[in-house]
Amino acid sequence: MSSNPSLRDLYNPPSSAWAFIPPPPPMQNASAPAAATAPSAMTSYQWTTRPAHNSIFDLSPSLDLSEPSSLNVPLLLRSLVASALLQYTSTALVMPLEVGKLLLQIQWIPKDAPPPSSQPDKEEEEEEALSDSTNEDESYFADPAASHIKYPAPKPIDDQGYVARTSVLEDGTRPEYIIPVGSMNGAWDMVKRVAAFRGEGWLSLWKGLFTSCVHDVLFSNVQPLVDSLMHSVFLSSAAGLYRPPLLLPVASHIITGFLLSPLDLVRTRLIAQSAMQRHRTYTGPFDALKQIISQEGGIRSIYFHPQLLIPTILDNGLRPLLHILMPTLIAPRLGFGPHVAPDTSPVAWAFAQVLGSVASLVITLPIETVRRRLQVQTRGTTKALRTCVETRPVPYNGVVDALWHIVTEERSDLPIKRRSKTRRRQVERAEEKDADDLFVEKQDGWLRNTGIGQLYRGMRMRLGVSVIVLLLTTFGGQQEVDGGWAEL
């Protein structure tokens, strides 16, 4: 007796889930050729493994991990060229203000300079020629013994017989490659003066552009690398800390600034030197680096000379230290609450960062000024650099010596305005005490008798940049102030 077989074990329910992989083809069976050609009852959706084209100007790499990881040389070259052009353009936009600020920082304006003897103008000579002859008649009948005619004193001469220069304010003995002092009070005034000066011109506003661009690119890439390396070495056992130690980011900035200090030295020399062909010392950054190494003590002197090493450590160490400390000290005192952080109060934190950067300038700007002046000084057997602005003829001995002499021997009342010839003669006739003074100035003014203002050249430009950063942070939604603006 045979039982009927059940069909329940042969039933296979269709799958309702999506098939991310195409199903395998059915087995070929000779007894059922029609079953192979029949469409499958199960519907499947095949997901593509290739992602959408994710590229910004064809510069971003592909996101397909299944593709072979071979180096795409054309794509890499396009990425490098685009990044270089972007960095070069952004550096070129701020370079004129950087040139004006640096020239103001290295300019030497002594307060005890004797007043220059200016020549009479053409208009005043014509007025004298057309005036009546009453003075001549009076002098004809005057007693020669009672006359008080003042003859100009002979000017001192040097060993070669040329008229010696006794004041930086004299136009007659001023070298042709030096911009006259006393007419610039800010970075923008220096920019206009450099552009209008016969020995410089508009192209001089971009002196040292290539070196500045290379320095900024290397600093922005090397400093994070050094910082991550120091964190991996010194924080391996303390990875659970909420905040890393303050010393590590400061040390990374100091190390990076020390490694790139030759580029900063070359950049300062290229900006400070005269653009005139017969007075120019360096033809480019490579020639400047070659001459400095060969004539000023070699690579060891570039890195470890006390007049270069100490300002480098101070400048690159104080900036990040104050950038981290000042906002944390100012933020709780703004009235927004005891706990002010970038996540909870981005506007208040940005305002605290701007105030902290302004307060930091009181300390960092004098150090930067001293560093620029020490970088302009030549060492070894080389001749003095012919700069486009007045520099101190006697070199400084160090940081403290430079700070002391800037404060004690220079003046800060800029711009200096000259009196007209008519006004000076009226003062001489009145026999006042400041008869020989050719400038509109107050003798007892504190700016006239101190050089503190010389330590803060470019301060107004930095304040303007801080206000711009605050506005961009407030209305742009950024929670962190861009540190690149601090280079201005």
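Just so it is clear, the model here is predicted, and its values are computed rather than measured.

Basis of the calculations
Residues numbered from 1 in each chain as written. Predicted model: local features only at pLDDT ≥ 70, side-chain atom pairs only at ≥ 80, totals over all residues. Heavy atoms only, no water. Helix = DSSP H or I, 4+ residues; strand = E, 2+ residues; numbered from the N terminus. Buried < 20%, exposed > 50% of the residue type's maximum accessible area, 1.4 Å probe, protein only. Contact = heavy atoms within 4.5 Å. Areas by Shrake-Rupley, 256 points an atom, 1.4 Å probe, with all protein chains shown as cover. Axes fitted to C-alpha atoms, helices over the stretch in contact; angles between N-to-C directions. Parallel < 35°, antiparallel > 145°, perpendicular 65-115°, else oblique. Left-handed = near helix turned anticlockwise from the far one by under 90°. Nonpolar A, V, L, I, M, F, W, Y, C, P; charged D, E, K, R; others polar. Salt bridge = Lys/Arg side-chain N within 4 Å of Asp/Glu carboxyl O. Phe/Tyr/Trp six-rings, centres within 6.5 Å; stacked < 30°, edge-to-face > 60°. Patch = residues over 30% accessible without salt bridge, like charges linked within 9 Å, V, L, I, M, F, W, Y side chains within 5 Å. Expected span 1.5 Å × (residues − 1). Core = buried A, V, L, I, M, F, W, Y, C linked by side-chain atoms within 4.5 Å. Bend = angle between axes of the 7 residues up to and from the residue. pLDDT = per-residue confidence, 0-100.

Peer 1: With reference to specific residues and values, describe the overall build of the protein chain.
Peer 2: Across its full length, the protein chain carries 15 helices and zero strands. Counting across all 488 residues of the protein chain, residues that qualify as buried make up 36%. At a minimum sequence separation of 6, the contacts of the protein chain that also span at least 24 residues come to 72%. Counting only carbon and sulfur atoms, one obtains 62% of the accessible surface of the protein chain, whose full area is about 31400 Å².

Peer 1: Run through the packing of helix 2 (residues 73–106) against helix 6 (residues 209–234), naming residues and quoting values.
Peer 2: Running from amino to carboxyl end, helix 2 crosses helix 6 at an angle of 120°, the nearest separation of the two axes being 9 Å. By the angle between their directions, the pair helix 2 and helix 6 is classed as oblique. At the point where helix 2 passes helix 6, the crossing takes the right-handed sense. Here Gln87, Tyr88, Thr91, Ala92 and Met95 of helix 2 lie close against helix 6, whose contacting residues are Leu209, Phe210, Ser212, Cys213, Asp216 and Val217. Taken together, the residues of the contact of helix 2 with helix 6 sort by class into seven nonpolar, three polar and one charged.

Peer 1: Tell me about the pattern of salt bridges, and please be specific about residues and values.
Peer 2: A complete count under the given rule lists 16 salt bridges for this structure. Measuring nitrogen to oxygen at the nearest pair gives 3.2 Å for the salt bridge that ties arginine 267 to glutamate 98. With arginine 267 in helix 8 (residues 261–272) and glutamate 98 in helix 2, the pair connects residues that are 169 residues apart, well separated along the chain. Taken individually, arginine 267 and glutamate 98 each receive the classification buried, so the pair is uniform in this respect. Through salt bridges that share partners, Glu98, Lys101, Asp264, Arg267, Asp315, Arg319, Glu368, Arg371, Arg372 and Arg462 make up one connected network.

Peer 1: I'd love a proper account of the packing of aromatic side chains, names of residues and values included.
Peer 2: Per the stated rule, a full pass over the model turns up three aromatic pairs. By way of ring pairs, the aromatic residues Phe258, Tyr303 and Phe304 are connected into one cluster.

Peer 1: I'd like to hear about a nonpolar patch on the surface, residue by residue, with values.
Peer 2: Together, Val73, Leu76, Leu77 and Leu80 line one region of the surface with nonpolar side chains, adding up to about 350 Å² of accessible area. As for its position among the elements, leucine 77 is in helix 2.

Peer 1: Quick rundown of the packing of helix 6 against helix 7 (residues 247–259)? Include the residues and the values.
Peer 2: It is at 9 Å that the axes of helix 6 and helix 7 come closest, and there the two elements cross at 135°. Overall, the two elements helix 6 and helix 7 adopt an arrangement that is oblique. Considering the relative orientation of helix 6 and helix 7, their crossing is right-handed. Contacts between helix 6 and helix 7 pair Phe219, Val222, Gln223, Val226, Asp227, Met230, His231 and Phe234 from the former with Leu248, Pro249, Ala251, Ser252, His253, Ile255, Thr256 and Gly257 from the latter.

Peer 1: Outline helix 8, listing residues and values.
Peer 2: Taking 1.5 Å per residue as the helical rise, helix 8 with its 12 residues ought to reach 16 Å, and the 17 Å between its terminal C-alpha atoms agrees with that figure. Among the 12 residues in helix 8, 11 count as buried, and that is most of the element. By the burial criterion, the buried members of helix 8 are Ser261, Pro262, Asp264, Leu265, Val266, Arg267, Thr268, Arg269, Leu270, Ile271 and Ala272.

Peer 1: Would you mind going over the environment of leucine 246 in detail, with residue names and values included?
Peer 2: Note that leucine 246 resides in the loop between helix 6 and helix 7. When neighbours within four sequence positions are excluded, leucine 246 is seen to be in contact with Leu321, Ile324 and Leu325.

Peer 1: Summarise the nonpolar core; cite the residues concerned and give the values.
Peer 2: Among the nonpolar cores identified, the biggest contains 30 residues, and Leu103, Ile106, Met190 and Val389 are the most heavily contacted of them. Within the residue set of this core, elements represented by two or more residues are helix 2, helix 5 (187–196), helix 8 and helix 9 (285–295). Every residue in contact with isoleucine 106, bar those within four places of it in the chain, is listed here: Ala272, Arg372, Arg373, Val376, Val389, Glu390 and Thr391. The next biggest cluster of nonpolar side chains, apart from the first, holds 13 residues, and it includes Ile109, Val181, Val399 and Leu414.

Peer 1: Can you lay out the environment of proline 393 for me, pointing to particular residues and giving the numbers?
Peer 2: Considering the arrangement of structural elements, one finds proline 393 in the loop between helix 12 (346–376) and helix 13 (399–409). According to the relative accessible area criterion, proline 393 is exposed, its value standing at 62%. Residues proline 393 and tryptophan 108, 285 residues apart in the sequence, show an inter-C-alpha distance of 9.2 Å.

Peer 1: Outline the environment of valine 191, listing residues and values.
Peer 2: With respect to the helices, strands and loops of the structure, valine 191 is situated in helix 5. It is 7.1 Å that separates the C-alpha atoms of valine 191 and leucine 205, two residues lying 14 residues apart in sequence. Ignoring sequence-local partners within four residues, the contact set of valine 191 consists of Pro96, Leu97, Gly100 and Leu205.

Peer 1: For helix 11 (residues 306–330), give the residues involved together with the corresponding values.
Peer 2: Its 25 residues give helix 11 an end-to-end C-alpha distance of 35 Å, which sits within 8% of 36 Å, the value for a rise of 1.5 Å per residue. At leucine 322, helix 11 shows its maximal kink, close to 30°. Looking at the buried side of helix 11, the elements it contacts are helix 6, helix 7, helix 8, helix 10 (298–304), helix 12 and helix 13.

Peer 1: Pulling in residues and values, what's your account of the confidence of the model for the protein chain?
Peer 2: The predicted structure's coordinates, where accompanied by low pLDDT, should not be read in detail. In this model, the protein chain carries a mean pLDDT of 76, and residues with pLDDT of at least 70 account for 62%. Note on residues 30–43: pLDDT under 50 across the span, and three contacts to partners over four residues away in sequence or across chains. pLDDT under 50 marks residues 115–134. Its contacts with residues more than four places away, or in other chains, come to 15 contacts.

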